[in-house]
Amino acid sequence: MLEVSGIRKNFGTLEVLKGVDLTVNKGDVVAILGPSGSGKTTLLRCINFLERADSGTLTFDGERFDLGRMKKADIARLRKKTAFVFQSYNLFLNKTAIQNVTEGLITARKMPKNEAFAKAEQALRRVGMLDRKDHYPNQLSGGQQQRVAIARALAADPEIIYFDEPTSALDPELIGEVLAVMRDLAESGMTMLVVTHEMNFARNVSNKVIFMENGVVLESGTPADIFDHPREERTREFLRFIDREHS
């Protein structure tokens, strides 16, 4: 479904991605792990064209693109097949929950308003936020705001959803409600690529785990491969550190 090969990205003289390869099959839930500064978020942003990669290829649904020479029309077309959930929600503060979900459908996709609102209600119901549809972001908890952001992603009927640290801005007691929604999406067959520090999610919900360090994929495999039998000492060291942080 999605294959990235040799993706590279520099910020000035800093080489952030050093030739990353990644394959995502339909229905996969891929967790990307790694320390801060390893290139995880940059990889996600380059794949969804929020950042422009310097080089590499991307194949989506059998169609191949040169990431260093992407045309605006191709980017717009590919983005209609994907959705992005940010760690900081990125909701419009002056719009209600349902207006946040319908905005992109009406403005970017030219969907009729009645159809957009029906789709938005369906998406909000799925994440348990329909009863808060007329609330503004400042009337919602962080977990509720993130669930609205997930509803916004779902309403676009994406083939894949990219999640960038979706729980990192949340208080610990609110993380569970967002992870429960993501688990439900995974069980329904949604294809997901998730940058996360939530080890339980990576171990129990994902079917593929990638560990990044210094702009490269150091190792990848099933959750059992990575958590129970990591090949690389750096992976073992990272997991020990995370265990200490959460013990």
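Refer to the structure printed above.
Residues numbered from 1 in each chain as written. Predicted model: local features only at pLDDT ≥ 70, side-chain atom pairs only at ≥ 80, totals over all residues. Heavy atoms only, no water.

Q: How do you make sense of the packing of helix H3 (residues 97-107) against helix H4 (residues 113-126) when you look at a structure like this?
A: Between two packed helices, both the angle of their axes relative to each other and the distance between the axes serve to describe the pair. Two numbers describe how H3 lies on H4: the axes approach to 9 Å, and their chain directions differ by 130 degrees. Put simply, H3 runs oblique to H4. The two elements H3 and H4 cross, and the hand of that crossing is right-handed. On H4, the residues touching Ile98, Val101, Thr102, Leu105 and Ile106 of H3 are Lys113, Ala116, Phe117, Lys119, Ala120, Glu121 and Leu124. Here the contact of H3 with H4 is composed, by residue class, of eight nonpolar, one polar and three charged. (Axes fitted to C-alpha atoms, helices over the stretch in contact; angles between N-to-C directions. Helix = DSSP H or I, 4+ residues; strand = E, 2+ residues; numbered from the N terminus. Parallel < 35°, antiparallel > 145°, perpendicular 65-115°, else oblique. Left-handed = near helix turned anticlockwise from the far one by under 90°. Contact = heavy atoms within 4.5 Å. Nonpolar A, V, L, I, M, F, W, Y, C, P; charged D, E, K, R; others polar.)

Q: What exactly am I supposed to notice about the side chain of Glu165 here?
A: Structurally, Glu165 is set in the loop between strand E7 (160-164) and helix H6 (172-187). In this structure, Glu165 is buried with no salt-bridge partner, the nearest side chain bearing the opposite charge being Lys40 at 4.6 Å. Glu165 has contacts with Lys40, Gln87, Val195, Thr196 and His197, leaving out every residue within four places of it along the chain. (Buried < 20%, exposed > 50% of the residue type's maximum accessible area, 1.4 Å probe, protein only. Lys, Arg positive; Asp, Glu negative; His and termini not counted. Salt bridge = Lys/Arg side-chain N within 4 Å of Asp/Glu carboxyl O.)

Q: So what exactly am I meant to see when it comes to the sheet that holds strand E3 (residues 29-33) here?
A: Within a sheet, adjacent strands bond to each other through the backbone by hydrogen bonds, running parallel or antiparallel. Spatial ordering of the open sheet is given by E6-E7-E8-E3-E9-E10, a layout of six strands whose pairing is mixed. Either end of the sheet is taken by a strand with one partner, and the two such strands are strand E6 (82-85) and strand E10 (216-221). Strand-to-strand twist in this sheet, taken as the mean axis angle between neighbours without regard to direction, amounts to 15 degrees. Relative to strand E8 (residues 191-195), E7 runs parallel, the two sharing five bridges. Each residue of the ladder has a partner; that of Ile160, found in E8, is Thr191. (Pairing = 2+ DSSP bridges.)

Q: Sorry if this is basic, but what is going on with the packing of aromatic side chains here?
A: Here a ring pair, both rings aromatic, is described through the centre-centre distance and the interplanar angle of the planes. Tallying each qualifying case throughout the model produces three aromatic pairs. Centroid distance Phe84 to Tyr162: 6.5 Å. Interplanar angle 55 degrees. Geometry classified as tilted. Residue Phe84 is located in strand E6, and its partner Tyr162 is located in strand E7; the two are separated by 78 residues in the primary sequence. Taking the relative accessible area as the measure of exposure, Phe84 reaches 10% and is therefore buried. Owing to a relative accessible area of 1%, Tyr162 belongs among the buried residues under this scheme. Aromatic pair Phe211 and Phe238: ring centres 5.1 Å apart, planes at 50 degrees, arrangement tilted. With Phe211 in strand E9 (residues 208-213) and Phe238 in helix H9 (residues 233-246), the pair connects residues that are 27 residues apart, well separated along the chain. Each member of the pair, Phe211 as well as Phe238, carries the same accessibility label: buried. Each member of the aromatic cluster is reached from another via a ring pair, and the members are Phe84, Phe86 and Tyr162. (Phe/Tyr/Trp six-rings, centres within 6.5 Å; stacked < 30°, edge-to-face > 60°.)

Q: Can you help me understand the pairing of strand E2 (residues 14-24) in this one?
A: Along a regular strand, successive side chains alternate from one face of the sheet to the other. For strand E1 (residues 2-11) and E2, the ladder comprises eight bridges, and the chain directions are antiparallel. Within E2, the position partnered with Phe11 by the bridge is Leu14. A loop of two residues connects E1 with E2, the two strands running antiparallel in sequence, and Gly12 in this loop sits at a positive phi of about 65 degrees.

Q: Can you walk me through the sheet that holds E1 in this structure?
A: Here four strands make up an open sheet; going across it, the order is E2-E1-E4-E5 and the pairing antiparallel. Of all the strands in the sheet, just E2 and strand E5 (63-66) have a single pairing partner and so form its edges. Between one strand axis and the next, the sheet turns by 20 degrees as a mean value, whatever way the strands run. Bridge count for strand E4 (residues 55-60) against E5 is four bridges, and the pairing is antiparallel. Residue pairing in the sheet places Thr59 in a bridge with Arg64 of E5.

Q: Would you explain unusual backbone geometry in this entry?
A: Trans is the prevailing form of peptide bonds, just as negative phi is the prevailing case for residues other than glycine. Phi at Asn90 is positive, roughly 55 degrees, even though this residue is not glycine. Its identity is not glycine, yet Asp157 carries a phi of approximately 50 degrees, on the positive side. Looking at the element boundaries, Asp157 is found in the loop between helix H5 (142-155) and E7.

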